[in-house]
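What the coordinates show
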Amino acid sequence: MNPFEQNYKPIDETFLDIKEIYPKSYDKDNTDPYTKTRIILMTGTEFEAVWFSHQFHRHCNNNDIRRELALSRRVEQMQQKRISNLKPINETILETTIAYEQLAVDLTSFLAKNEKDLYVKQALDFALLEDFDHLYRYSDLLEMEHHIYAEKLVGKYAELMPGRPTISEPRYPFDDVKRHINNKTADPLTKLHVNIITAAEQQTMNYYMNQSCFYTTDIGRRLYQEIGMIEEQHVTQYGGLIDTNCTWLENLLMHEYTECYLYYSCYETECDPYIKSIWEQQFEQELAHLHKAAELLKKYDGKEWQQVIPDGNFPKILCLGPNIEYVREVLKTVRLTGKLEEFVPLDSLPPNYEYFRYQDTYIKTPEDVPSHLVIANYIDKNGQDYRFQVAPHPIEALQNRTIDNTTIARKQGE
């Protein structure tokens, strides 16, 4: 499939009417978990497209370009509103959050397993273990407050157990800034991966930022706030992988190509006929945006689309699915942390490194940390934490279900 070779309608013939924008919501109890994660993925992808377009608009002095951006952006907004409202009214903030973190775990795993750039793969694996831990923390809160077992929500496709403990994740800001790829030499799949994961993690960051104050218990509000700060670190890390040397129009083309690739992947892998039809229609809308971006690139930058995307054919489609064994293997790297552009064992840091200074500033005592409190409270009430595992935890230090480990990857020598 090469989207540059497909027929398309003019953008202003792809507007949705006001009834189409408000879709029929899915059934939260019977919808496949990966349908839910695809919806979150594409909501985030559309959000990224809209806000990139707004930023381009605010940094462009050519009103002809700005009008074209406004035209495409209006459709992107319609698409985003439509997808986000597939979520049903009766699905709680926390139930939706489980799908957010399942997406983070399984999307990151899929990208990492197929990533050829070893540095990008290392970045994916590193944050994977943090999102995996977030899934565990929210799952315990869900069972503690609502008596709902998250293993049902994730379809038992993902394990629910500790990763790199959230308490160990706050790092000095310098250590989340990584090296960017080179779009001229990077594999096409790598370019897609860094754009996809940035949009997905940005959506999670925004969701937690906005939902924290609406949550109905104090411990829940605090947990969303804590994990929302970690998602800020992830967005800094992933956004830093994107090539900073691209022009605005080159970036616009890459955004539209990424959307086409994702909608096509969603269409090819979707099991819900109604939602599959939405993916198909929105893929067709994105074709118009992609061709307009190519036209603008040629007119104003004097470049053909092949100079940015040499082979327009889609690489291997993105297929969300279980990654239990892969995550178990990556857990062997749980003791890594950041050191400027690198990922290093915590024990290799000098004792006066900024990581420890920031930890001491941000965390006065583990008892203050919501991610620790959720598990400690659950253990106090039930005798052990809530987990779903297919086998014992692969890391011995994280096998004990009666004590929440707050030192691994945080205290040297542990």
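Residues numbered from 1 in each chain as written. Predicted model: local features only at pLDDT ≥ 70, side-chain atom pairs only at ≥ 80, totals over all residues. Heavy atoms only, no water.

It is worth spelling out the pairing of strand β1 (residues 336-339) at this point. Bridge count for β1 against strand β2 (residues 342-345) is four bridges, and the pairing is antiparallel. Across the sheet, residue Leu 336 finds its bridge partner in β2, namely Pro 345. Connecting β1 to the next strand, β2, in antiparallel fashion are two residues, including Leu 340 with a positive phi near 50°. (Pairing = 2+ DSSP bridges. Helix = DSSP H or I, 4+ residues; strand = E, 2+ residues; numbered from the N terminus.)

This paragraph deals with helix α4 (residues 93-113). Over its 21 residues, α4 runs 30 Å from end to end, which matches the ideal 30 Å to within 8%, given 1.5 Å per residue. Burial analysis of α4 places 19 of its 21 residues in the buried class, the great majority of the element. (Expected span 1.5 Å × (residues − 1). Buried < 20%, exposed > 50% of the residue type's maximum accessible area, 1.4 Å probe, protein only.)

In this structure, Glu 270 sits in the loop between α9 (248-269) and α10 (273-301). For Glu 270, the side chain forms a polar contact with the side chain of Thr 35, separated by 2.6 Å. For Glu 270, the side chain forms a polar contact with the side chain of Arg 38, separated by 2.9 Å. (Polar contact = N/O pair within 3.5 Å; in protein donor to acceptor, adjacent residues only side chain to side chain.)

Our focus in this paragraph is the layout of surface pockets. Quantified by volume, the largest pocket comes out at close to 570 Å³. Counting residues per element, the ones that place at least two in the lining of the largest pocket are α2 (33-58), α3 (63-84), α4 and α7 (188-211). The biggest single contributor to the lining of the largest pocket is α2, with seven residues. When grouped by side-chain class, the residues that make up the lining of the largest pocket number twelve nonpolar, eleven polar and four charged. In this model, the second largest pocket occupies a volume close to 460 Å³. In this structure, the second largest pocket is lined by 23 residues; those nearest its centre are Glu 48, Phe 52, Ile 242, Asn 251 and His 255. Secondary-structure elements contributing two or more residues to the lining of the second largest pocket are α2, α7 and α9. (1 Å grid on protein atoms, 1.4 Å probe; cavity = no way out; pocket = protein on both sides within 12 Å on 5 of 7 lines; lining within 4 Å. Points joined across faces, edges and corners; volume = space filled by probe spheres on them. Nonpolar A, V, L, I, M, F, W, Y, C, P; charged D, E, K, R; others polar.)

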